[in-house]
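Remarks on the overall topology
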Amino acid sequence: MTLIVNDSIVEDIKNTLPKSRRKLAPTVSALSTPTAPPPPSPRSDRIQHLGMDSNFVEVPLPMDKLSLSSHESDIGCERNQMFIVLLSAGSFNPPTYMHLRMFELAKDALEAQGYVVIGGYMSPANDAYKKMDLLPAIHRVQLCELACRSSSFVMVDPWEAKQSSYQRTLTVLSRIQGSLCHGGSIKKESLKVLLLCGSDLLESFVIPGVWLVDQVSTICRDFGIVCIRREGKDIENIIASNEILQQHKSNIFSVDEIVPNQISSTKVRECIRRGLSVKYLTPDEVIDYIKVHKLFISDC
Ligand SMILES: Nc1ncnc2c1ncn2[C@@H]1O[C@H](COP(=O)(O)OP(=O)(O)OP(=O)(O)O)[C@@H](O)[C@H]1O
Ligand SMILES: O=C(O)c1ccc[n+]([C@@H]2O[C@H](COP(=O)([O-])O)[C@@H](O)[C@H]2O)c1
């Protein structure tokens, strides 16, 4: 794993993105359509990060697979050891083996640098994300639960999916950090909650209007990013193209795929629509659920 950098905003990157990503709900243009989620006001964002908004649906953070007791956390502090929790935010429409592989790749790479990865979360996007063909969140949460059954450390955080409105990723990162540190079970100074993503998501950071610039800064500075190279995308160039990413390059971990893997949810959906097998692209439990509920057969 190498640490890398970035520089200015590249407008035409938008056109190089997959079609589906150009339809991201929180873009400026999408926000003017009736189906797009309203942009959270700066005030509501601030309150959300503090975890004080009484309009939130309360959902406890699952911790059953976390490999850390408070005692170990204290030891970690003494040894100056940093514990890592990974958050993967996405549509997971449906989850694939590549989504699960990302956690393994990130864990290996971070542990090779001396970090201790104590857990990971998949957070399926809220229905208000309105990405093309998005299944209702209730199914995507269930599919993620089934997908990560075989993992010893990956869990599903259904909080984002259960809220009544779109939730930005910074809010989800803050909620996870807050839940883990609440009551002092894990010391804030020995915990890093990192956003786990593919290079296409990192690329979306530099597209004007998709993310809030201040929030990109906060994510990079106060949290950090582990980015898995996807389909040959040059992570170094993405970082070099944006001032904020460049400024926080030491907090952005770039991970190479050992075994190139181009599985995507789009391709899985296409296969299902065409009546083709998706075995070995996603876990059998996911396939069974899709069959029972007759999902992805026609456009949502
Ligand atoms: N093959 C892959 N390599 C690297 N990152 C990936 C891969 N597939 C998904 N990801 C990452 O997983 C996260 C969640 O992705 P998402 O749910 O959109 O999956 P997707 O396969 O890209 O979906 P879709 O095809 O519907 O756009 C994103 O950060 C994305 O970059
Ligand atoms: O927080 C934001 O401003 C923000 C802007 C764009 C995308 N995201 C999140 O990034 C994820 C992208 O998912 P996907 O399926 O489009 O790759 C999804 O969880 C979105 O909620 C988040």
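Residues numbered from 1 in each chain as written. Chains lettered and ligands numbered in written order. Predicted model: local features only at pLDDT ≥ 70, side-chain atom pairs only at ≥ 80, totals over all residues.

**Considerations on the site of ligand 1**
Near ligand 1, the surroundings consist of 21 residues, among which G90, C197, G198, S264 and T266 are the closest. When residues of the shell around ligand 1 are traced back to their parent elements, those giving at least two are β2 (83-90), α6 (97-112), β5 (191-198), α10 (199-205) and α14 (265-273). Counting residues per element, the shell around ligand 1 draws most heavily on α6, at 3 residues. Class assignment for the residues of the shell around ligand 1 results in 7 nonpolar, 12 polar and 2 charged. (Near = placed C-beta within 6 Å. Helix = DSSP H or I, 4+ residues; strand = E, 2+ residues; numbered from the N terminus. Nonpolar A, V, L, I, M, F, W, Y, C, P; charged D, E, K, R; others polar.)

**Quick word on the UniProt feature "domain: Cytidyltransferase-like" (unreviewed entry) in the chain**
What UniProt calls "domain: Cytidyltransferase-like" (unreviewed entry) maps, in this numbering, to residues 89-270. As annotated, residues 89-270 comprises 43% helix and 16% strand, and the C-alpha atoms at either end are separated by 22 Å. (UniProt positions renumbered as here; feature names shortened; annotations may be inferred.)

**Description of the environment of L195**
Within the secondary structure, L195 sits in strand β5. Residue classification places L195 among the buried residues on the basis of 22 C-beta atoms within 10 Å. As a C-alpha pair, L195 and I219 span 24 residues in sequence and 8.0 Å in three-dimensional space. When residues no more than four places from it in sequence are discounted, the contact partners of L195 are L87, A89, T169, L173, I219, F223 and I225. (Buried ≥ 20, exposed ≤ 12 C-beta atoms within 10 Å, placed from the backbone. Contact = placed C-beta atoms within 7 Å.)

**A closer look at the site of ligand 2**
The immediate surroundings of ligand 2 are formed by 18 residues, with A89, S91, A125, R168 and T169 found nearest. Of all the elements in the fold, those that place two or more residues in the shell around ligand 2 are β2, α9 (169-181) and α10. Of the residues in the shell around ligand 2, the class split is 10 nonpolar, 5 polar and 3 charged.

**Describing the nonpolar core**
In this structure, L87, A106 and I225 are the most contacted members of the largest nonpolar core, which totals 80 residues. In terms of residue count, the dominant contributor to this core is α6 (8 residues). Apart from the residues lying within four places of it in its own chain, the contact partners of I225 are L194, L195, C197, L202, I219, C220, N251, I252 and F253. (Core = buried A, V, L, I, M, F, W, Y, C linked by C-beta atoms within 7 Å.)

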